[in-house]
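# Overview (structure and organization)
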2 protein chains.
Amino acid sequence: MMTKTKTEAAKLPLNQILCGDSIELMNSLPEGTVDLIFADPPYNLQLRGDLHRPDNSRVDAVDDAWDQFASFKVYDQFTQEWLAAARRLLKPNGAIWVIGSYHNIFRVGAALQNQGYWILNDVVWRKSNPMPNFRGKRLTNAHETLIWASKDENSKYTFNYEALKALNEGTQMRSDWVLPICSGHERLKNSEGEKAHPTQKPESLLHRVLVGTTNPGDVVLDPFFGTGTTGAVAKKLGRNFIGLERDAGYIEVARNRLGKVRKFDSESLEVTKSKRAEPRVPFGQLVERGMLSPGETLTSLNGRHSARVRADGTLIAKDVRGSIHQVGAALESAPSCNGWTYWCFRRDGKTVPIDLLRQQIRSEL
Amino acid sequence: MMTKTKTEAAKLPLNQILCGDSIELMNSLPEGTVDLIFADPPYNLQLRGDLHRPDNSRVDAVDDAWDQFASFKVYDQFTQEWLAAARRLLKPNGAIWVIGSYHNIFRVGAALQNQGYWILNDVVWRKSNPMPNFRGKRLTNAHETLIWASKDENSKYTFNYEALKALNEGTQMRSDWVLPICSGHERLKNSEGEKAHPTQKPESLLHRVLVGTTNPGDVVLDPFFGTGTTGAVAKKLGRNFIGLERDAGYIEVARNRLGKVRKFDSESLEVTKSKRAEPRVPFGQLVERGMLSPGETLTSLNGRHSARVRADGTLIAKDVRGSIHQVGAALESAPSCNGWTYWCFRRDGKTVPIDLLRQQIRSEL
DNA sequence: CCCTCTTATGAATCTTAAA
DNA sequence: TTTTAAGATTCATAAGAGG
């Protein structure tokens, strides 16, 4: 295990925010002194005109100058430079996390690999409450991607397997994390009541990253500090942070925020257990999974009606088409109907409610 | 809309598997003739030595010769070549899906963008039953990533929004798909009872891809056909497939598989249509047909505004006149307004949206 | 204080046929 | 090809207002 001299470590501006260009600042810090880097670089969204919700309200888009790049080539150049500066700072056993979307993450991932970083996992942050696709032209963009990589293939990176397992109610932490976006009181506001930063990340995300891949006392550097989520969670968890940020306004918000943060009592790092509701199972999944086939006939529990399954998970009966619930309700002239218990299928000569198939899927989740 | 001549289309080997090098075979096919490409390219896994479970049984890893690449450079070269050949085959409004893991997907994504493909979504296949990480050194690798991209930025790609929404029981389909891995009876075995292909994809995944982004009769090409999941689902769903595969053994398994597959009946392949596909009805027709009378008053859905119908199918309100949409937008100070759902008329003491009258006309067409 | 209803909002590459 | 106008389109949360 290599360790740096006290002199070099003393040069580290621990638990401070430095104002300036990330790449220049990183190049001015002593090499091989940082345990973990968490980076939330500009995504290069390339947005065009305005977007309105169906209720005609305007979406407050990320149109800040810092997210504008002239071309992929310019963006790649920027990415290569900051990743190289970051790698120089890492201890031999250090690691990096980078978060992004499909606009930029493929370029970031390829650059990481090209520079000798060793990808350990890609992690999907599945947002429980993403913004919908208002025009119905694409899938709801419901996730962002994080890449976790060590400095090189031989790094003995930090991974707190048992801690993450505990966070996940006793089973191995997976590469997909379901967490809500940052909203409500957690979302920092400026004096006008507007959001202080357009892309503030939730503390729950950083909590999982830092608990899982750092130890107390480690040095965590964030080159795109923004309003300081990385610093706030690091301080709570007893890690040291270094924040780099170009925008003085963001820094002011972050300093104010960090001043209010207290380190958790080390004994009381209690695990917030997520209550798991019964997962919703769309009827269409039964069709996709081949448990029911398009064209197959379902019969109602009372035997009075029948309907046929379509490839998109809707039913078609005499004069009616729609979801299992809609068609059931229409045929019974009822205001509503629980299609799961109303409709039955035949297997091995027996008539069975389709709810049985839903239970089968739930048991697999 | 560009369409190819019968001569060119006739050259397409529909619903066949061609044996040989994917890139050479693609280059031999007529350009601009394919609606959708689904590709599951080699992953470049770079596994170091054998992997053993805690009980010392050996994991049957993906270590076949076709998955070994000397370096990222060689892999990138290969990727660029097959993506270019694929792009040449696509119709102007065609699209591509590529699936991969963190070992290769970042390089594939960057190459797609560099070649002018336009990324529409990245999709996470969240496996409900992944293989755990036996050594407890990383997170359980519980997902794979798919990229959906159109041929270029201006392609009018196929997206069956309503069908996917129906598959998801009425709410927008998201970019994270929870589906089980391919196992059990679906997993093809060879004569020794071993799995016939190391990375066979579940049919449920292809079902969602093909229902969502193709129409019946479309041509779907898979350049890494393997044991033919793409072909099997395409055949079931009434799409045409072209399979390219180098390994004669896989082809034999796939041919056998496809021989047993039957197409679902056409009616159940019909999918919930989007309103955009419905014929346009000029508002003036309602007046011409006497469903509304000139001089009659319409009120807005929120009850705040009213306007009177004129003989030419325009509305007149305080200070504004124009189409149902224009007047609605002006009164609400909104950038746009769907007049069909905004305006209501009175019949038999009830207030009804004028869209009801449009539906009446459409049902007569 | 509790419950209900309304309003606001989030890293977004978000229309298309007809003239 | 470019321009114009029709008209299609949202989910989960949380805060705040009102009763």
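Residues numbered from 1 in each chain as written. Chains lettered and ligands numbered in written order. Predicted model: local features only at pLDDT ≥ 70, side-chain atom pairs only at ≥ 80, totals over all residues. Heavy atoms only, no water.

An unreviewed UniProt entry lists chain A under the name Methyltransferase, with Qingshengfaniella alkalisoli as the source organism. Here is the UniProt Sequence similarities (unreviewed entry) comment for chain A, exactly as written: "Belongs to the N(4)/N(6)-methyltransferase family." Under the Catalytic activity (unreviewed entry) heading, UniProt states for chain A: "a 2'-deoxyadenosine in DNA + S-adenosyl-L-methionine = an N(6)-methyl-2'-deoxyadenosine in DNA + S-adenosyl-L-homocysteine + H(+)". (UniProt positions renumbered as here; feature names shortened; annotations may be inferred.)

## Things to note about the UniProt feature "domain: DNA methylase N-4/N-6" (unreviewed entry) in chain A
The UniProt record marks residues 34-255 of chain A with the feature "domain: DNA methylase N-4/N-6" (unreviewed entry), using the residue numbering of this structure. Within residues 34-255 of chain A, the helical portion is 28% and the strand portion 22%, while the C-alpha atoms at the span's ends are 21 Å from each other. (Helix = DSSP H or I, 4+ residues; strand = E, 2+ residues; numbered from the N terminus.)

## Observations regarding the side chain of Gln 285 of chain A
By secondary structure assignment, the location of Gln 285 of chain A is in helix 9 (residues 284-288). On the basis of relative accessibility, which here comes to 9%, the residue Gln 285 of chain A falls in the buried class. Side-chain polar atoms of Gln 285 of chain A contact the backbone oxygen of Val 178 of chain B, separated by 3.5 Å. (Buried < 20%, exposed > 50% of the residue type's maximum accessible area, 1.4 Å probe, protein only. Polar contact = N/O pair within 3.5 Å; in protein donor to acceptor, adjacent residues only side chain to side chain.)

## Considering the sheet that holds strand 5 (residues 143-150) of chain A
All names here are of chain A. Spatial strand order, 1-8-7-2-3-5-4-6: 8 strands in an open sheet with mixed pairing. In this open sheet, the two strands that pair with only one neighbour each are strand 1 (16-19) and strand 6 (176-179). Taken over all neighbouring pairs, the strand axes of this sheet differ in orientation by 20 degrees on average, direction set aside. The pairing of strand 4 (residues 118-127) with strand 6 spans 4 bridges and is parallel. Counted as the bridge partner of Lys 127 is Leu 179 from strand 6. (Pairing = 2+ DSSP bridges. Axes fitted to C-alpha atoms, helices over the stretch in contact; angles between N-to-C directions.)

## Re the domain arrangement of chain A
For chain A, the assigned domains are domain 1 (4-276) and domain 2 (279-364). Here the C-alpha centre of domain 2 of chain A lies 44 Å away from the C-alpha centre of domain 1 of chain A. (Domains from an automatic or database assignment.)

## Notes on the protein's contact with DNA strand D
Around DNA strand D there are 30 residues in total, and Arg 135 of chain A together with Tyr 161, Lys 165, His 325 and Arg 358 of chain B lie nearest to it. Taken together, the sugar and phosphate atoms account for 60% of what DNA strand D places within 4 Å of the protein. Within the side chain of Asn 338 of chain B, an N or O atom sits 3.3 Å from a phosphate oxygen of DNA strand D. Taking Arg 358 of chain B, its side chain carries an N or O atom lying 2.7 Å from a phosphate oxygen of DNA strand D. Sorting the residues of the surface near DNA strand D by element identifies helix 5 (161-167) and helix 11 (324-332) of chain B as the ones contributing at least two each. With 3 residues, helix 5 of chain B is the largest single contributor of residues to the surface near DNA strand D. When its residues are assigned to classes, the surface near DNA strand D shows 8 nonpolar, 14 polar and 8 charged. (Near = heavy atom within 4 Å. Nonpolar A, V, L, I, M, F, W, Y, C, P; charged D, E, K, R; others polar.)

## A word on the protein's contact with DNA strand C
Residues and elements named next belong to chain A. What surrounds DNA strand C is a group of 39 residues, the closest being Gln 46, Arg 53, Tyr 102, Arg 135 and Lys 137. Near the protein, meaning within 4 Å, the atoms of DNA strand C are sugar or phosphate in a fraction of 47%, with bases accounting for the rest. A distance of 3.4 Å separates a base nitrogen of DNA strand C from a polar atom in the backbone of Pro 132. In the surface near DNA strand C, the residues fall into 19 nonpolar, 7 polar and 13 charged.

## A closer look at the packing of helix 3 (residues 72-89) of chain A against helix 4 (residues 105-114) of chain A
Residue and element names in this part refer to chain A. Two elements in contact, helix 3 and helix 4, have axes whose closest approach is 10 Å; the angle formed by their N-to-C orientations is 45 degrees. Taken together, the axis directions place helix 3 and helix 4 in an arrangement best described as oblique. Crossing geometry of helix 3 relative to helix 4 is assigned as right-handed. Residues Phe 72, Tyr 75, Asp 76, Thr 79 and Leu 83 of helix 3 pack against Arg 107, Val 108, Ala 111 and Leu 112 of helix 4. (Parallel < 35°, antiparallel > 145°, perpendicular 65-115°, else oblique. Left-handed = near helix turned anticlockwise from the far one by under 90°. Contact = heavy atoms within 4.5 Å.)

## Some words on the sheet that holds strand 11 (residues 315-317) of chain A
All names here are of chain A. In space, the 6 strands of this open sheet follow the order 12-11-10-9-13-14, with antiparallel pairing throughout. Edge strands, defined here as strands with exactly one partner in the open sheet, are strand 12 (320-322) and strand 14 (350-353). Along the sheet, successive strands turn relative to each other by an average axial angle of 35 degrees, direction set aside. The pairing of strand 9 (residues 297-300) with strand 10 (residues 306-309) spans 3 bridges and is antiparallel. Note that in strand 10 the partner of Thr 297 across the bridge is Arg 308. Packing against the sheet, helix 10 (residues 324-331) makes contact with strand 10, strand 11, strand 12 and strand 13 (343-347), and its axis sits at approximately 155 degrees to strand 12.

## Some words on unusual backbone geometry
Residues and elements named next belong to chain A. Even without glycine at this site, Asp 319 takes up a positive phi of about 70 degrees. Here Asp 319 is to be found in the loop between strand 11 and strand 12. You can call Asp 319 exposed: its relative accessible area is 73%.

## Examining the pairing of strand 5 of chain A
Residues and elements named next belong to chain A. Among the 8 residues of strand 5, 8 are classified as buried, and the element is accordingly described as predominantly covered. The alternating pattern of strand 5 places His 143, Thr 145, Ile 147 and Ala 149 on one face and Glu 144, Leu 146, Trp 148 and Ser 150 on the opposite face, and all of these are buried. Bridging between strand 3 (residues 90-100) and strand 5 involves 6 bridges; their strand directions are antiparallel. Paired with Ile 96 across the bridge in strand 5 is Ala 149.

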